[in-house]
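Coordinate analysis (summary)
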There are 2 protein chains.
Amino acid sequence: MADDVTAQSIAEIQAKLAAGAEAQALVTPLWERARAVEPKLRAFAHLPEQAPAALTEGPLAGVTVGVKDLIDTADMPTDYGSAIYEGHQPAADAAIVAQLRALGATALGKTVTTEFAWRHPGATRNPWALDHTPGGSSSGSAAAVAAGIVTLALGTQTFGSVIRPAAFCGVVGFKPSFGQLPRDGVHPLSPSLDHVGLFARALEDVATAFALLKLDAAAAVAIAPRDLRIAALRPPSDVASAEQVALFDDACAQLRAAGAHVEAIDLTDALPRLLHVADTLMGFEAAGVFGELRARFPDKMSASMAAYVDAGKEISEIAHQEAVGAQQGFRMGVGERLEGYDALLTVPATGEAPLGLGHTGDPQFCVPWTTLGFPALSLPVGMSSAGLPLGLQLVGRFGEDRALLAAAQAFLEAFPLHVGRPALG
Amino acid sequence: MADDVTAQSIAEIQAKLAAGAEAQALVTPLWERARAVEPKLRAFAHLPEQAPAALTEGPLAGVTVGVKDLIDTADMPTDYGSAIYEGHQPAADAAIVAQLRALGATALGKTVTTEFAWRHPGATRNPWALDHTPGGSSSGSAAAVAAGIVTLALGTQTFGSVIRPAAFCGVVGFKPSFGQLPRDGVHPLSPSLDHVGLFARALEDVATAFALLKLDAAAAVAIAPRDLRIAALRPPSDVASAEQVALFDDACAQLRAAGAHVEAIDLTDALPRLLHVADTLMGFEAAGVFGELRARFPDKMSASMAAYVDAGKEISEIAHQEAVGAQQGFRMGVGERLEGYDALLTVPATGEAPLGLGHTGDPQFCVPWTTLGFPALSLPVGMSSAGLPLGLQLVGRFGEDRALLAAAQAFLEAFPLHVGRPALG
């Protein structure tokens, strides 16, 4: 059965090709798996009728990629999760898609996004429990990686749209620093906050893909767990679930046991204001991006998004400018507070994926780092008693993406990944 | 009697010198006047025992200047209004003093500042009513100009320390854009907000001195009143006095009668936040500037200032960085809102100088423009029923100081200066 074949790591694929395998022979079974599980999973906005032709040249030859349907593809429709763009066919690949294809990766299909990457959910289910949300907005990408359909997937994050679905689906999610991955050909939501990010099952795959995309020739400098310096931002126990907090505490204990320096950090002087700044930025900017569409297609935008766009028009340009300035100020101020640490450790979400498909969960543990533009990783290191994944989040300093990936590798030596495969049923 | 001689305008002085007068003959009687009125007015922190030797070369030869005692002078003590620095003798002139002396101006004495330009008042009285505050922190400079002792005076403004005393004393006060006049040798209070400013009885003197200091060779382009475009920011009538609001309304009516375009502007989305940003900037920065002095000289700092410094230590560096960013954002945002206007018209203070010498008045109508760094002028265009001066304030866009001065000239053609001389008694 093709649906027993699951996507392999980049290193495994490279080894198979080196041993003489054909890239197409690695891609076609995954397309078959995608077709087989799609009726249950609903991860794809567009999945070709035929297996895509595998690219054969480049370090990512044979590697399948899911492309969030917010991101343009020249050979597949791109709806942006909106009825307004149903069947829309872009003329060109987004820059990030073109880069992955230049590296040899094969786009397997377009993965479901919430409407314009805002909150109104798409059809995707959580592969660990089909009646739970996969998170959003990059719902399909996280679910497709978790379901073993693709090795890599592209997402975007404006509030928490990479880190949160990664946590809910039990995969690694990486939102690099603001501006690190190109947004050309990606539908905007809030240009001051929009980031492109990556999903994979293993940290190594995310790190390899990021290094290839950034043309990093040299390997990152490794850190030993005992040399790690971690700023530990414990979540409030009235917001995060007891299991989520316990996972955080457990990680801190294991890190200390491995010799790492773990120090509590207090950012209560920044976090509430960062949420406020983010609300102002996204509210104002989304009104600018979607105001005309909302007026032209009153029946093709969800009521909640239409109301959000209308509310954003009430935010003044001056308030927005203040927020733009404050965002820069916070980047400086919080950056200084993180000096001397390899990473900040916190949670990626309030806990396991909530029951229900009508909402995608609370992004509040992601929004500060998105607003700051700091690199962030969600690592699937736990399982809840209900059998759903739990993650932890590592955050680095602005522009220090490689250092964060190296710190995460050391972190996982002390506190390894802990997820299996969803049974998909 | 020498105390009948009052300081003349720069143009009058230049004309007298051109007609053969000696600079010293213009300076000495004013020094005598200063000595005569000082027991009543208390405008000077240091007034030399002998008439200062008049400088004779340069466009400001024969022009007397009062130098706020926050500003270093190599030939006179500089106490910064603080018992900590009693008798302190700087080694060098502040840059702005050196510039004025290079232009030929003669420093008559050091004028009273509140303690470190913060709120704790000095001894100066209002020349229009000796039991009323002259305003602060540039109390002595405003009073000395109003009393006809000096043609020009130097002040500083961090919240409202030029504009407010100018209004209370019935003189012209000019706070140029942030950074336009050099602060080297001026004691800091809040480096993100500290400005050097000028006082004179006539707008022309302020404009001439500013042009000389900025080495502007060409005359500013004049505007006709009918070409003025004014953004009218009416003060809330629960904060400003009825007479102050009536003066504002009267000016708007006269400007319209002169053909000017006067349009109400609403900045309620910016003003409360600007006050908050200013409080954060000054609180945090003053704690940094004065924290060590406060610890070393616990008995030589006023209790109110010591408490303010202590409170500032509670403001986090991150909150300060947010405020620094927000300040820049507001400068952009409010600047855009003022595009197309020659000036914003508002009030410089809540009304006439309040009774009492224990406080220097409310700076809330100045703080937004200081925080924005926009150029601001206080013009003495009215008198209260109690016989005290009332002013109006014109604000320009950042860096457009010359345009503001030109707009003010046109404004005064429609709504002239309206103050006499205080009787000083």
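Please read these numbers as outputs of a predicted model, since none were measured by experiment.

**Things to note about the overall build of chain A**
When you go through chain A residue by residue, the secondary structure sums to twelve helices and eleven strands. Expressed as lengths along the three principal axes of its C-alpha atoms, the size of chain A is roughly 55 × 55 × 40 Å. Buried residues in chain A amount to 58% of all 425 residues. Within chain A, contacts between residues separated by at least 24 positions form 78% of all contacts whose residues are at least 6 apart in sequence. Carbon and sulfur atoms provide 54% of the accessible area of chain A, an area that totals close to 14,900 Å².

**What to know about the packing of helix 8 (residues 271-296) of chain A against helix 10 (residues 317-337) of chain A**
All names here are of chain A. Contact pair helix 8 / helix 10: the axes reach a minimum separation of 9 Å and the direction vectors enclose 135 degrees. By the criterion of interaxial angle, the relationship of helix 8 to helix 10 is oblique. Read as a crossing pair, helix 8 and helix 10 show a hand that is left-handed. On helix 10, the residues touching Arg273, Leu274, Val277, Thr280, Leu281, Phe284 and Glu285 of helix 8 are Glu317, Ala319, His320, Glu322, Ala323, Val324, Ala326, Gln327 and Phe330.

**Considerations on the packing of aromatic side chains**
The full count for this structure, using the stated rule, is twelve aromatic pairs over all chains. Centre to centre, the rings of Phe116 of chain B and Phe290 of chain B are 4.7 Å apart; their planes meet at 45 degrees, and the pair counts as tilted. Of this pair, Phe116 of chain B sits in the loop between strand 3 (106-111) and helix 4 (139-146) while Phe290 of chain B sits in helix 8 (residues 271-296), and the two are 174 residues apart along the sequence. Like Phe290 of chain B, Phe116 of chain B is buried. Through successive ring pairs, a cluster of aromatic residues spans Tyr80, Tyr85, Phe116 and Phe290 of chain A. Across the ring face of Tyr308 of chain A, the terminal group of Arg119 of chain A is positioned such that the distance to the ring centre comes to 5.5 Å. If you follow Arg331 of chain B out to its NZ or CZ, it ends over the ring of Phe398 of chain B, 4.2 Å from the centre.

**Some points on the sheet that holds strand 5 (residues 172-175) of chain B**
All names here are of chain B. Reading across the sheet, the eleven strands line up as 1-3-2-4-6-5-10-11-9-7-8 and stay open at both edges, with mixed pairing between neighbours. Sheet topology places strand 1 (44-46) and strand 8 (261-264) at the edges, where each strand pairs with a single neighbour. Direction aside, neighbouring strands of the sheet carry axes that sit 30 degrees apart on average. Pairing analysis gives five bridges linking strand 2 (residues 64-68) to strand 3, with the strands arranged parallel.

**Focus: the interface of chain B and chain A**
Listed by partner, the interface residues are 19 residues for chain B and 19 residues for chain A. Note on chain B versus chain A: buried area summed over both sides is about 1,500 Å², and carbon and sulfur give 57% of it. When the buried surface of chain B facing chain A is broken down by residue, Ile318, Gln321 and Glu322 of chain B rank first, second and third, together holding 43% of it. Linking chain B to chain A there are two salt bridges.

**Some remarks on the environment of Leu394 of chain A**
Residue and element names in this part refer to chain A. Structurally, Leu394 is set in strand 11 (residues 389-395). Since its relative accessible area comes to 1%, Leu394 is described here as buried. For the pair Leu394 and Ala343, spaced 51 residues apart in sequence, the C-alpha separation works out to 6.0 Å. For Leu394, the contacting residues outside a window of four places in its chain are Ala343, Leu344, Leu345, Pro375, Ala376, Leu377, Leu379, Leu404, Ala408 and Phe411.

**Some thoughts on the pairing of strand 7 (residues 229-232) of chain A**
Residues and elements named next belong to chain A. Bridge analysis of strand 7 against strand 8 (residues 261-264) gives four bridges, and the strand direction is parallel. Among the inter-strand pairings, Arg229 is bridged to a residue of strand 8, identified as His261. This β-α-β element, strand 7 to helix 7 (residues 242-257) to strand 8, shows right-handed connectivity. Sheet topology places strand 7 next to strand 9 (residues 343-346); three bridges connect them, and they run parallel.

**Considerations on the sheet that holds strand 7 of chain A**
Residues and elements named next belong to chain A. In spatial order, the strands read 1-3-2-4-6-5-10-11-9-7-8; together these eleven strands make up an open sheet with mixed pairing. In the strand order of this sheet, the two ends are held by strand 1 (44-46) and strand 8, each with one partner. Mean inter-strand twist for the sheet, computed between neighbouring axes without regard to direction, equals 30 degrees. In the packing of helix 2 (residues 23-41) onto the sheet, the strands contacted are strand 1, strand 2 (64-68) and strand 3 (106-111), and the crossing angle to strand 3 comes to about 15 degrees.

What counts as what
In this numbering scheme, every chain counts its residues from 1 along its sequence in written order. Numbering of ligands from 1 and lettering of chains from A proceed in the order in which they are written. Local features in this predicted model are restricted to residues of pLDDT 70 or higher, and side-chain atom pairs are both shown and tallied only at a pLDDT of 80 or more, whereas totals for entire chains, interfaces and linings draw on every residue. Calculated side-chain values reflect all of the structure's heavy atoms, with hydrogen atoms and water omitted. A helix here means a DSSP run of H or I that spans at least four residues, while a strand means a run of E at least two residues long, and both kinds are numbered starting from the N terminus. Buried means the residue's accessible area, taken with a 1.4 Å probe over protein chains only, is under 20% of the maximum for its type, while exposed means over 50%, and partly exposed covers the values in between. Residues are treated as being in contact if the distance between any of their heavy atoms lies within 4.5 Å. Each accessible area is a Shrake-Rupley estimate made with a 1.4 Å probe; only the visible protein chains count as cover when residues are assessed. Inter-axis angles, ranging from 0 to 180 degrees, are taken between N-to-C directions of lines fitted to C-alpha atoms, where helices are fitted over the stretch in contact. Roughly parallel here means an angle under 35 degrees, roughly antiparallel means over 145, roughly perpendicular means 65 to 115, and every remaining angle is called oblique. Left-handed describes a crossing in which the near helix is turned anticlockwise from the far one by less than a right angle; the clockwise case is right-handed. Stacked, tilted and edge-to-face are the three classes applied to pairs of Phe, Tyr and Trp rings, where Trp contributes its six-membered ring and a pair requires centres within 6.5 Å; stacked means planes under 30 degrees apart, edge-to-face means over 60, and tilted covers the rest. We count a charge as sitting over a ring when the NZ of a lysine or the CZ of an arginine lies within 6 Å of the ring centre and within 35 degrees of the ring normal. Strands are treated as partners if at least two bridges between them are detected by DSSP. Throughout, buried area stands for the accessible area (probe radius 1.4 Å) lost by two parts on being put together, summed over both. Note on definitions: salt bridges are taken to be side-chain nitrogens of Lys or Arg within 4 Å of carboxyl oxygens of Asp or Glu. Classification remark: right-handed applies to a crossover when, strands pointing away from the viewer, the course from the first strand over the helix to the second runs clockwise.

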